[in-house]
Amino acid sequence: MARAKPFDIPKREVWEAYKRVRANQGAAGVDEQSIADFEADLTNNLYKLWNRMSSGSYHPPPVRRVDIPKGEGGQTRPLGIPTVADRIAQTVVKRYLEPLVEPCFHPDSYGYRPGKSALDAVGVARQRCWRYAWVLDLDIQSFFDRIDSALLMRAVRKHTDCPWVLLYIERWLKAPVQMTDGSLIARERGVPQGGVISPLLSNLFLHYTFDIWMARNHSNIPFERYADDAICHCRSEEEARTLRASLEKRLAQCALTLHPDKTKVVYCKDDDRRGDYPDHKFDFLGYSVLQRHKERRATRDRKRCRKAA
């Protein structure tokens, strides 16, 4: 009689996870195995992955580091590319965890969530700029690299006590990074950008670090957050600067810092708002929000009314 596995992970879940990874495609990891290579022995590869995950013997391989261009000036953003098998394993855990945490997320959290998009966040931000004269444009310095693993696991445990989910998330948080020269870098904190489960985990971390904290301590200040990019709408310059100081203390409690140069207070100037201020525009998710004019707004509103009619 076959001995039961320690963890009850249905084979069907591994199959569904594979189909999602296949649909998303993606580059090969440290083993240089493409999706096509994985599919050359698909049944055996999926069985081995299920067997190891169910027995608790699955250990994630290192994450392959690549640098992709980021804006102008030759800047790059590091990405971590897991192997195909590891992306499937991460998807298995994500499919279990996401339905548990998603209903708890704040309505103004837009990043990497079903039914929400960057365009939704930008649209709401523009509407609120008509009602609030000041904005605090937040930038968390090296957010993905600095996420505290212990605090993140505490957040995960608020939503599940499933042993294999906790086990594998902890192992992914400790998986080393393989650099372009083949050297391995140990990781004590952070989640690699590029991992399947990384967006969900980073969202969960900021749910408690920022969203819930804002709702409890600054409920009169609306915001839009997409991953680590956030816009907070304030009624005065003083309120914006007070919020910034308060946020600096809050983030320090969670081992994070605001970027000193990229975080700024912005005056949302329009035809009715007088006065001068150094910053009167901001970029949010690739879109520039500039000085608004009532005539343009009225024209846009008339067009919307005609469409509605």
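For the structure, check the block above.
### What to know about the nonpolar core
Ile 88 and Ile 169 are the most contacted members of the largest nonpolar core, which totals 67 residues. Beyond its immediate stretch of four places on either side in the chain, Ile 88 contacts Val 14, Ala 17, Tyr 18, Val 21, Phe 38, Leu 46 and Leu 49. Counting residues in each nonpolar core, the second largest holds 14 residues, with Tyr 110, Ala 227, Phe 284 and Val 289 among its members.

### Some details on the layout of surface pockets
In this structure, the largest pocket spans a volume of roughly 920 Å³. For the largest pocket, the lining is made up of 29 residues, of which Lys 70, Arg 77, Asp 139, Asp 229 and Lys 262 are closest to its centre. Counting only elements with at least two residues in the lining of the largest pocket, the list comes to strand S2 (76-81), strand S3 (134-139), helix H6 (143-146), strand S7 (229-234) and strand S9 (282-284). Classifying every residue of the lining of the largest pocket by side-chain character gives 12 nonpolar, six polar and 11 charged.

### Re helix H10 (residues 237-253)
End to end, H10 covers 25 Å across 17 residues, agreeing with the expected 24 Å (1.5 Å per residue, within 8%). Considered for burial, the residues of H10 that qualify are Glu 239, Ala 240, Leu 243, Arg 244, Leu 247, Arg 250 and Leu 251. The arc enclosing the buried residues of H10, seen along the axis, measures out at 135 degrees, which places them on a common side. For H10, the exposed residues lying more than 90 degrees away from the buried face are Glu 238, Lys 249, Ala 252 and Gln 253.

### Topic: the packing of helix H4 (residues 84-101) against helix H8 (residues 163-174)
Running from N to C, H4 and H8 cross one another at 135 degrees; their axes reach a closest spacing of 10 Å. Judged by the inter-axis angle, H4 sits oblique to H8. The crossing of H4 and H8 is left-handed. Each of Asp 86, Ala 89, Gln 90, Val 92, Val 93, Tyr 96 and Leu 97 in H4 lies in contact with H8, whose residues at this interface are Trp 164, Val 165, Tyr 168, Ile 169 and Trp 172. The class makeup of the residues in the contact of H4 with H8 is 10 nonpolar, one polar and one charged.

### What to know about the packing of aromatic side chains
Counted under the stated rule, the structure contains 10 aromatic pairs. With 5.6 Å between their ring centres and 55 degrees between their planes, Tyr 112 and Tyr 226 make a pair best called tilted. On the criterion of sequence distance, the pair formed by Tyr 112 in the loop between H4 and helix H5 (118-131) and Tyr 226 in strand S6 (residues 223-226) is long-range, its members being 114 residues apart. For the ring pair Tyr 168 and Trp 172, a centre distance of 6.3 Å and an interplane angle of 50 degrees mean the geometry is tilted. Residue Tyr 168 and its partner Trp 172 are located together in helix H8, separated by four residues, close to a single helical turn. Looking at Trp 172, the relative accessible area reads 7%, which means it is buried. Following the ring pairs from residue to residue traces out a cluster consisting of Tyr 58, Tyr 168 and Trp 172. The lysine or arginine in question, Lys 11, covers the ring of Trp 50, its NZ or CZ lying 4.7 Å from the ring centre. Above the ring of Tyr 110, the side-chain terminus of Lys 116 is found at 4.6 Å from the ring centroid.

### Considerations on the sheet that holds strand S8 (residues 264-267)
Spatial ordering of the open sheet is given by S6-S7-S3-S8, a layout of four strands whose pairing is antiparallel. Looking at the sheet topology across the chains shown, the edges are occupied by S6 and S8. Pairs of neighbouring strands in the sheet enclose a mean axial angle of 20 degrees, with direction left out of account. Here S3 runs beside S8; their pairing, made up of four bridges, is antiparallel. Residue Trp 134 lies in a different strand from S8, and its bridge partner there is Tyr 267. Of the strands in this sheet, S3, S6 and S7 are in contact with H5, which crosses S6 at around 160 degrees. H10 contacts S3, S7 and S8 of the sheet and is inclined by roughly 20 degrees relative to S3.

Quick notes on the rules
- Residues numbered from 1 in each chain as written.
- Predicted model: local features only at pLDDT ≥ 70, side-chain atom pairs only at ≥ 80, totals over all residues.
- Heavy atoms only, no water.
- Core = buried A, V, L, I, M, F, W, Y, C linked by side-chain atoms within 4.5 Å.
- Buried < 20%, exposed > 50% of the residue type's maximum accessible area, 1.4 Å probe, protein only.
- Contact = heavy atoms within 4.5 Å.
- 1 Å grid on protein atoms, 1.4 Å probe; cavity = no way out; pocket = protein on both sides within 12 Å on 5 of 7 lines; lining within 4 Å.
- Points joined across faces, edges and corners; volume = space filled by probe spheres on them.
- Helix = DSSP H or I, 4+ residues; strand = E, 2+ residues; numbered from the N terminus.
- Nonpolar A, V, L, I, M, F, W, Y, C, P; charged D, E, K, R; others polar.
- Expected span 1.5 Å × (residues − 1).
- Arc of directions from axis to C-beta.
- Axes fitted to C-alpha atoms, helices over the stretch in contact; angles between N-to-C directions.
- Parallel < 35°, antiparallel > 145°, perpendicular 65-115°, else oblique.
- Left-handed = near helix turned anticlockwise from the far one by under 90°.
- Phe/Tyr/Trp six-rings, centres within 6.5 Å; stacked < 30°, edge-to-face > 60°.
- Lys NZ or Arg CZ within 6 Å of the ring centre and 35° of its normal.
- Pairing = 2+ DSSP bridges.

These results come straight from atomic positions and should not be treated as a statement about function.
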